[in-house]
Amino acid sequence: MQFRQQALAKLQSPEELDLPVRLARPQGRLALSVSVAVMAAASVWAVTGSVASTVSAQAILTHGQGSYILQSPVAGQVTAVLAEQGERLPANSPVLKVRTSQGDSVVRTVAAGRISALAATIGQIIQTGADVAAVEKVAHASDPLYATVYVPAENASAIPADAPVDLTVSSVSTQEYGVLRGHVKSVDRSAQSAQSISAFLGDSQLGEQFTRKGRPVAVLVRLDPSRSTKSGYRWSSADGPPFRLDSMTLASGSIRLADQRPVDWLLP
């Protein structure tokens, strides 16, 4: 009955113009203020802000000068292996001794470098022009390492000079030591074939591996040096791994592309 009487009284005097009207509760005003501030910030960012994106691709650590395939100039039987894998040799150094019909012959390096792979063993019969070793071109132990990242060709034009690069090295625990830091040194604007990659790295399998998804572009990355780490390079962790890095180590690289505007304004 009480509610019914109140309703009847409301009908009898529907106009209460002298009473104040509450437009919004304090909580509503606060929410409205926050919404306006967020919309204003979003509008400013849409005009002046940018979106950072990255491209990830397979990579390999090298000394930046490439490799070459050492071939036997004679046919015969290998009687001695005079070099070891990983050994650094000057030019014209003996690698194999081969017994031929005219006598013993020595297969020598063409240029100074490090033996990255040996394909010949004692007792093996080889033919003229047979691949017997892969030699990475490096003259001194102090020569710095570089990373070559093979990125899809369609992303090459968006890679700015000196762009930061994070490298996940296959021989290093990322959870424990983080990623290797570097910056883009140069971008080869021409797409690489499997044959050209194989010739540069001295490994036909790597040429096939890096071109499985099409012909990529080679991006040369300069590794950031550091005197405080065992490897001699800067990592996302303080110390990095407690050992030095080897060339011809596989990795994956993440390159930061040029910043993109979130909104494209159409002008008349």
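Residues numbered from 1 in each chain as written. Predicted model: local features only at pLDDT ≥ 70, side-chain atom pairs only at ≥ 80, totals over all residues. Heavy atoms only, no water.

Chemist: Give me the lowdown on the overall build of the protein, citing residues and values where you can.
Modeler: Each helix and strand counted, the protein has 5 helices and 14 strands in total. When burial is assessed residue by residue, the protein has 35% of its 268 residues classed as buried. Taking the contacts inside the protein whose residues are at least 6 apart along the sequence as the reference set, 72% of them involve residues at least 24 apart. For the protein, the computed accessible surface area is about 16,500 Å², with 54% contributed by carbon and sulfur atoms. (Helix = DSSP H or I, 4+ residues; strand = E, 2+ residues; numbered from the N terminus. Buried < 20%, exposed > 50% of the residue type's maximum accessible area, 1.4 Å probe, protein only. Contact = heavy atoms within 4.5 Å. Areas by Shrake-Rupley, 256 points an atom, 1.4 Å probe, with all protein chains shown as cover.)

Chemist: Summarise the pattern of salt bridges; cite the residues concerned and give the values.
Modeler: This model, assessed by the stated rule, comprises 5 salt bridges. Between R99 and D104 there is a salt bridge; the shortest N-O distance is 3.8 Å. Residue R222 is joined to D162 by a salt bridge in which the shortest nitrogen-to-oxygen separation is 3.0 Å. Of this pair, R222 sits in strand β13 (residues 216-223) while D162 sits in the loop between β10 (146-152) and β11 (164-169), and the two are 60 residues apart along the sequence. We classify D162 as partly exposed; its relative accessible area is 42%. (Salt bridge = Lys/Arg side-chain N within 4 Å of Asp/Glu carboxyl O.)

Chemist: Kindly report on the confidence of the model for the protein, identifying the contributing residues and their values.
Modeler: Across the protein, the average pLDDT comes to 84, with 77% of residues at 70 or higher. Across the protein, the secondary-structure element scoring lowest on mean pLDDT is helix α1 (residues 2-12), at 56, and the one scoring highest is β11, at 97. (pLDDT = per-residue confidence, 0-100.)

Chemist: Requested: an account of the side chain of S198, with residues and values cited.
Modeler: Examined against the element boundaries, S198 turns out to sit in helix α4 (residues 194-201). What makes S198 buried here is its relative accessible area of 14%. Engagement of the side chain of S198 in a polar contact is seen with the backbone oxygen of S204, the distance being 3.5 Å. If near-sequence neighbours (up to four positions away) are discounted, S198 is found in contact with D203, S204 and G207. (Polar contact = N/O pair within 3.5 Å; in protein donor to acceptor, adjacent residues only side chain to side chain.)

Chemist: Please give an account of the sheet that holds strand β6 (residues 103-108) that cites residues and values.
Modeler: Strand order in this open sheet of 4 strands is β6-β5-β3-β8, and the pairing throughout is antiparallel. With partners counted over all chains shown, the strands left at the sheet margins are β6 and β8 (125-126), one partner each. (Pairing = 2+ DSSP bridges.)

Chemist: Break down the sheet that holds strand β4 (residues 88-89) for me, citing the residues and quoting the values.
Modeler: Spatial ordering of the open sheet is given by β2-β9-β7-β4, a layout of 4 strands whose pairing is antiparallel. Two strands lie at the open edges of the sheet, namely β2 (67-71) and β4, each paired on one side alone. As defined by bridge partners, β4 adjoins strand β7 (residues 113-118) across 2 bridges and the pair is classed as antiparallel. Across the sheet, the residue bridging to R88 is R114, located in β7.

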